[in-house]
Each structure stands twice: as structure tokens, then as C-alpha cells.
Amino acid sequence: MARKSAIPPSYYGEPHKFDPTFRGPVHNRGCTDVLCCVIFVIVILGYIVLGTVAWMHGDPRKVVYPTDSYGQFCGQQGTPNANKAILFYFNILQCANPTVLINLQCPTTQLCVSKCPDRFATYIDMQYNYRRNKSYWDYYKQFCKPGFNNPDKPVSQVLRDEDCPSMIVPSRPFLQRCFPDFITRNGTLTVANKTNFKDGHGKVRSVVDLRDAAKQERTVLSGGITSLLDAKEVGVKIFEDYASSWFWILIGLVISMLVSLIFILLLRFTAGVLFWMVIFGVIVAVGYGIWHCYWEYSTLKGKPDSDITISDIGFQTDFRVYLQLSQTWLIFMISLAVIEAVIIIVLIFLRSRVRIAIALLKEGSKAIGCIMSTLFYPIITFLLLALCIAYWAVTAVFLASSGEAVYKVMSTLPDCKYTNLTCDPETFSQSNVTKLCPGSQCTFAFYGGESLYHRYIFVLQLCNLLVFLWLVNFTIALGQCTLAGAFASYYWALRKPEDIPPCPLASSFGRALRYHTGSLAFGALILSIVQFIRIILEYLDHKLKGAHNAFTRFLLCCLKCCFWCLEHFIKFMNRNAYIMISIYGKNFCASARDAFFLLMRNVMRVAVLDKVTDFLLFLGKLLISGSVGVLAFFFFTRQIPVIQEEVPSLNYYWVPLLVSASNTTSCSRIFLYFFLFICIL
């Protein structure tokens, strides 16, 4: 009974009744959604076991580096291929075989080499010239099997045993693989200024055959490794930019943080004046942007090649390419014009709500001034999210690289019944397969296995993704509940700041973890399942892009739209449920129900006030981020004459620019939680 008298009537299903004696948040509370908490802890332990098993069986080099026909990595230290980081195809013409797209492997011997060929040559020509000049063999043998050193061996036996390639063509590395060096001259495809070449079997072939074969193999590579290595290359360049500009990025972050902090503190005293100054500044800045975009558009309109569309050039990592297109500036101009119109319309029709929002800005500034630690809590959220992302990525890579080398029979004969069957490279030459299917080889295919673990790798990857989404959403939920509890301590303090309990943020964090881990995990799980389904739908949409079934595409589009709406609705409900949990200490379902009915009784007031407040925060972020971003742009593009020599050389100047301009997000998110807390009360 003592506990019941300390809890407000709203705890017992009457959230609409106002209790003037209530002083939240409730401190005498119990654990909620214990079953979900237990399941969540078990899942985390299982996730650790999954990562450990993947680490024991996986090898990330299998995903990134090419593998020769013997299952050895090209460029692997401690092996004969240590200085041979490029994969060479004995006969790349075989890659035009239709079995490439079926078996995902080019049916020709593949060796690791230190460099690609730089000339046309055949084994027959080499053997003829070798008798006069030994250097021909010295060059050609680097593309033969290791240990073969008999240039006098009959050509027929060499080609039968695949000791050396029948020909080599001028090539250059692409994805650490040797592909012909194609050059188009006057509309004619050439390789080393030639349109024809000898194939080493007494035939003259066209370079078009080389193009078709290379295109087929590149298509296979683009199924997985292309995107991975492209991302790796871009990631390395971004890391280099961070390494060379970290000092200036840090200065930009400090400037952005100080400006944001000053902005927040000034709201307490000059919210109205500062708001209208921000409004005027944003309107003027957007107006100037419209004029500048129009000027750039008019300047580029008459220039050649500026009328190319963005879809024609595709994705480019160098964004300066897009700035040379008139369409880019037209899009910018239209977007800014729409933003300008929306700002003016909102100000005209929501004048009264703006005054209430200004009062909330003042109160929010006071709350943050009394609980300054809330400004630094996003750092904890960021570190937890970074840990989740890193663990998920490492586990996914190790799962993808689990397994032993699997060898399969590769044959150019369409009627060979042994094609695509597993084989042993050590005993393959003594088997009957070479007699029944002349020219067949036992080559490395992929990494896999027949154990239970290897058969369910794909299922484990799906589990890895689902648990990752669960952990990420739980981390965000923990932050929302913690901040709501801290602001509840401020809201119900009669005398501020005297009645605010010590360390309100730490106390709220402790309550959320101690009593409501299960409730937060429950809400995060619901959201994670919806997000997981959305990812599957996106995957199916990607796979069915070439489908001609209009009904299937329509159904998939409807499902994607419905689940997008469902995800955003659940995010909204979860956020308000976490606020109720932080105040009253109820379980997730009861808190979500109370929050829903409370919002429905004040739906118009909450919607308008919430959106107006979001709009005001957006204007503040736009002004601060825009100012810091413009300053960073002029600095990193060397347009400030005084400090041009101090600017580091970068691959992508937008990397430090985005980091410097995005620092105001965490401060505005703190404001958002406070406003949501006020609205739900």
C-alpha cells in the first residue's frame, strides 16, 4: 500500500487525470518485461559465440584477394606467391564460355604473377625465337606454371599439360586480375594498336573475342568482389583524407560545437530575437543560394558537354564532376526555391504556434543549462553504435570467408558429364576424367564445406543482420529513455535548479538499464523485425529489377511502401513509449498504450507543436551547419588566400566538409527529446 500511494493515478490506467502531488519520475519501481530481458541477454551471448566461431573458421583474405587454381592467395606473405599479387588467366578466351555464368569460374588455369604481360606473344613464337635469344624464354616463363623450365618440350605436350599459356596479350590489372588493355582509336577497338592477334593454335583472332571474354569474367566478378573492392578503395582514400586533415577537422568540430553551445545558451535569454534573426538569416542565405545556382546554371547553359544528365554519367566519387553539369545547378535551384517557399508559408500560417515554440525553446535552453551532461551523452550512443557496427561487419566478413578450398572439374566440352563435380587436384591427373573429357582441369572454385556449420552460413548471416539491427535499435532506445528520464527530473522540480536531484542523467541511465532493459529490448525487437523485412524486400526488388511481370513489381512496391510507413509509425510510438517508461516505470505495452491514447486526445496540438519545433530546430541547424560547411568548403578548396599553403591535399574534399558541418545534429537531438517529453505531458 505504501508503494501504491507513492505512484500517480496514471500508473493504474488513468493517464488523463492530473495529479498535482505527483513528482516524477517514479523511483520506487520494479523490473519490466523480464522474459524479453532474459531472451535479449541469451541472444547477446549467442551472438558472441557466433562471432567466435566465425573468427575461428573464417579468413577475410578469401573475400578480398584473388585465388589461383591451386587455392593459394595471390600476394600472401610466407608463400611462393608473396611477390605475385595479380591473377593471370592462361587463356582468357575460355572465359567467353557459357559455363562461366553457371559455375562462376573461368575454365582455364589461373596463376599468380608479379605483373601482367605487356606484349603479344605465343608459345610457338617464343620457342622459335628462344634458339636465337634466351631472353624470350626468360620473359615468357614468368607466366608458366611454377617449376616448369623446359622450353624445348614439344608444343603439343606443353599445351596439353597446361604448362604454359598458348598466348599472352598486353594487359593491365583490374581488380587484381590481368585483363586485356583495350583502347578505342577512331571508333575501332584495339589492343596495343592491333585489331587481330594469334591465339597460339594456328588461328588469327579478333580483339572483339578478347573483349567478349573479358566482359563475361568481369560480369562474374561484379557479382560480389567488385563492390567490395570498390568500397575498399574508396574507404582507403577516405581514411587517407581523415589522416591528413584530422587536425583541421578537429578545429571545425570545436568551432561547430562552440557555436551550437552558444546558440543553445542564448536561447534562454533571446529566443524570440534570435529566432527571427535565424529566420531572416536562413531566408537571405537560401535566397542567395537560389541566385547563385541560377547564375551557375546560366553560365554553363551555353558550354559544350554541360547538358549531359546526371543519369548519363552515373555515380562518381569526385563530386566536382557534377558541378560541371547545368542539370545539377538546376536541381539545386529548384530545391532551394521549394525550401524558401515552405519556410515563408509555415511562418504565415503558424504564427501563433511559433510563439509557443519559442517559449519551449527558452525552457529547453534552461533544462539543458541545468543538466549540461546531456550534451555529452550522444558520445556514449555513438561509441555503442560504432561497437555494434564494427562487430557486425567483422562477423559478416568472417562468416563469408568460412570454409575450405573446394575444387571442381572445369571443361570446355559442353557434353562432359563430370563438369562442376568436386575433385582432388593431387589425384586428378591419374583419374579417368582427363581421358573422357580432354582438356578438363581440376581448378579451385570457392570456399565451402559439407559440415552443418557450412551448410547454414546464409542462415547465420541473416541472424547476424537481425541481431545487429536489434542491438542498434536497443542502443538508440536506451539513449531516448535516459534523456527522457533526465528531463523528467528537471520538469517536476519545484525550485530549479535546487530541487533537481544530483546526477540526473546517470540516475536515469541506471534506472533504464536496471529496471527496463527488457522493455527497451522489446520495443527494439519489434522495430528490428520490420526493418529486417524491409531489407529482404529491398533485396528481392534488386533481384527482380529485370522482371517483366508488372503485377510482381506492383505488389513489391506496395509492400515496400506499407512497411516503410509501418517502420516510421513504430519509431514514433516507441519513442513516446520510452518517455512513459522513464516517467512511470510501466512495461512496454502499457506505456505504448498510454502514450498512444494521450497523443490521440491532443493529436492536433502535439502534431503542430512538434513539427513547428522541429522546423525551428531545423532552421538553427541549417544556419550553423551551413555556416561551418561554407567555411570548411572555402578552406579545403583553397579559396582562402591567407592560409592556402596550410590546406592538406585530399582525394575527396567533401569528407572533412561533411564531418565539420554535421556536428550540430547531437545538440539538436537533445532539444528534440526535451520537446517530445513536454508534448507527451
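Residues numbered from 1 in each chain as written. Predicted model: local features only at pLDDT ≥ 70, side-chain atom pairs only at ≥ 80, totals over all residues. Heavy atoms only, no water.

Student: Any chance you could break down helix α5 (residues 123–130) for me, citing the residues and the numbers?
Tutor: Residues of α5 that are buried: Tyr 123, Met 126, Gln 127, Asn 129 and Tyr 130. On its buried face, α5 is in contact with β3 (121–122), α6 (135–140) and α7 (155–160). (Buried < 20%, exposed > 50% of the residue type's maximum accessible area, 1.4 Å probe, protein only. Helix = DSSP H or I, 4+ residues; strand = E, 2+ residues; numbered from the N terminus. Contact = heavy atoms within 4.5 Å.)

Student: Describe a nonpolar patch on the surface, listing the residues and the values that go with them.
Tutor: Taken together, Leu 250, Val 254, Met 257, Leu 258, Ile 262 and Leu 266 make up a surface patch of nonpolar side chains, about 510 Å² in accessible area. Checked against the element boundaries, Val 254 lands in helix α9 (residues 225–301). (Patch = residues over 30% accessible without salt bridge, like charges linked within 9 Å, V, L, I, M, F, W, Y side chains within 5 Å. Areas by Shrake-Rupley, 256 points an atom, 1.4 Å probe, with all protein chains shown as cover. Salt bridge = Lys/Arg side-chain N within 4 Å of Asp/Glu carboxyl O.)

Student: Give me the nonpolar core: which residues, what numbers.
Tutor: In globular proteins that are soluble, nonpolar side chains generally tend to be buried together. Counting 44 residues, the largest nonpolar core has Phe 468, Leu 520 and Tyr 578 as the members making the most contacts within it. Looking at this core, the elements that each hand over two or more residues are α2 (34–57), α12 (351–370), α13 (377–400), α16 (457–491), α17 (504–543), α18 (550–584) and α19 (588–601). Element by element, the count of residues in this core is highest for α16, at 16 residues. Filtering out sequence-adjacent residues up to four positions away, Tyr 578 remains in contact with Ala 477, Gln 480, Cys 481, Ser 519, Leu 520, Gly 523, Ala 524 and Phe 588. Core analysis: the next-biggest nonpolar cluster, separate from the first, contains 21 residues, Met 126, Trp 137, Tyr 139 and Phe 143 among them. (Core = buried A, V, L, I, M, F, W, Y, C linked by side-chain atoms within 4.5 Å.)

Student: I'd like a description of the pattern of salt bridges, backed by residues and values.
Tutor: Should their charged atoms come close, side chains of opposite charge can pair. Following the criterion strictly, the structure yields 10 salt bridges and no others. For the salt bridge of Glu 567 with Arg 534, the shortest nitrogen-to-oxygen distance reads 2.4 Å. In this pair, Glu 567 is assigned in helix α18 and Arg 534 in helix α17, connecting sequence segments 33 residues apart. Assessed through its relative accessible area of 6%, Glu 567 is described here as buried. Each of Arg 534, Glu 567 and Lys 571 takes part in one network of salt bridges that share partners.

Student: So, the confidence of the model for the protein: which residues are in play, and what are the values?
Tutor: Within the protein, residue pLDDT values average 77, and 75% of them lie at 70 or more. Per-element averaging of pLDDT across the protein places helix α1 (residues 2–5) at the bottom with 34 and α2 at the top with 93. Contacts from residues 220–230, a stretch scored under 50 in pLDDT, to residues over four places away or in other chains number 15 contacts. (pLDDT = per-residue confidence, 0-100.)

Student: Run through the state of the cysteines, naming residues and quoting values.
Tutor: Scanning all chains against the criterion turns up 3 disulfides. The disulfide that involves Cys 74 links it to Cys 112, with 2.0 Å between the sulfurs. Residues Cys 74 and Cys 112 are joined through a disulfide that is left-handed, its torsion about the S-S bond being -80°. Taken together, the positions of Cys 74 in the loop between α3 (61–64) and β1 (86–89) and Cys 112 in strand β2 (residues 110–113) put the pair 38 residues apart, joining distant regions of the chain. (Disulfide = S-S within 2.5 Å.)

Student: An account of the packing of α17 against α18 is needed here, citing residue identities and associated values.
Tutor: At a minimum axis separation of 10 Å, α17 and α18 run at an interaxial angle of 165°. Between α17 and α18, the interaxial angle falls into the category roughly antiparallel. Like other packed secondary-structure pairs, α17 and α18 cross with a definite hand, here left-handed. Of the residues that constitute the contact of α17 with α18, the class distribution is 16 nonpolar, 5 polar and 6 charged. (Axes fitted to C-alpha atoms, helices over the stretch in contact; angles between N-to-C directions. Parallel < 35°, antiparallel > 145°, perpendicular 65-115°, else oblique. Left-handed = near helix turned anticlockwise from the far one by under 90°. Nonpolar A, V, L, I, M, F, W, Y, C, P; charged D, E, K, R; others polar.)

Student: Lay out the packing of aromatic side chains in plain terms, naming residues and giving numbers.
Tutor: Tallying each qualifying case throughout the model produces 18 aromatic pairs. Consider the rings of Phe 120 and Phe 197, whose centres lie 5.8 Å apart with planes at 15°: the pair is stacked. Here Phe 120 is found in the loop between β2 and β3, whereas its partner Phe 197 is found in strand β9 (residues 196–198), with 77 residues between them in sequence. Relative accessible area serves as the criterion here: at 4%, Phe 197 is assigned to the buried category. When the ring of Tyr 139 is compared with that of Phe 143, the centres are 5.7 Å apart and the planes differ by 70°; the resulting orientation is edge-to-face. Here the two residues Tyr 139 and Phe 143 agree in accessibility, since each one is buried. The rings of Phe 88, Phe 90, Tyr 139 and Phe 143 are connected pair by pair, giving a single aromatic cluster. When the ring centre of Tyr 139 is taken as origin, the NZ or CZ atom of Arg 119, which lies over that ring, is 3.7 Å away. (Phe/Tyr/Trp six-rings, centres within 6.5 Å; stacked < 30°, edge-to-face > 60°. Lys NZ or Arg CZ within 6 Å of the ring centre and 35° of its normal.)

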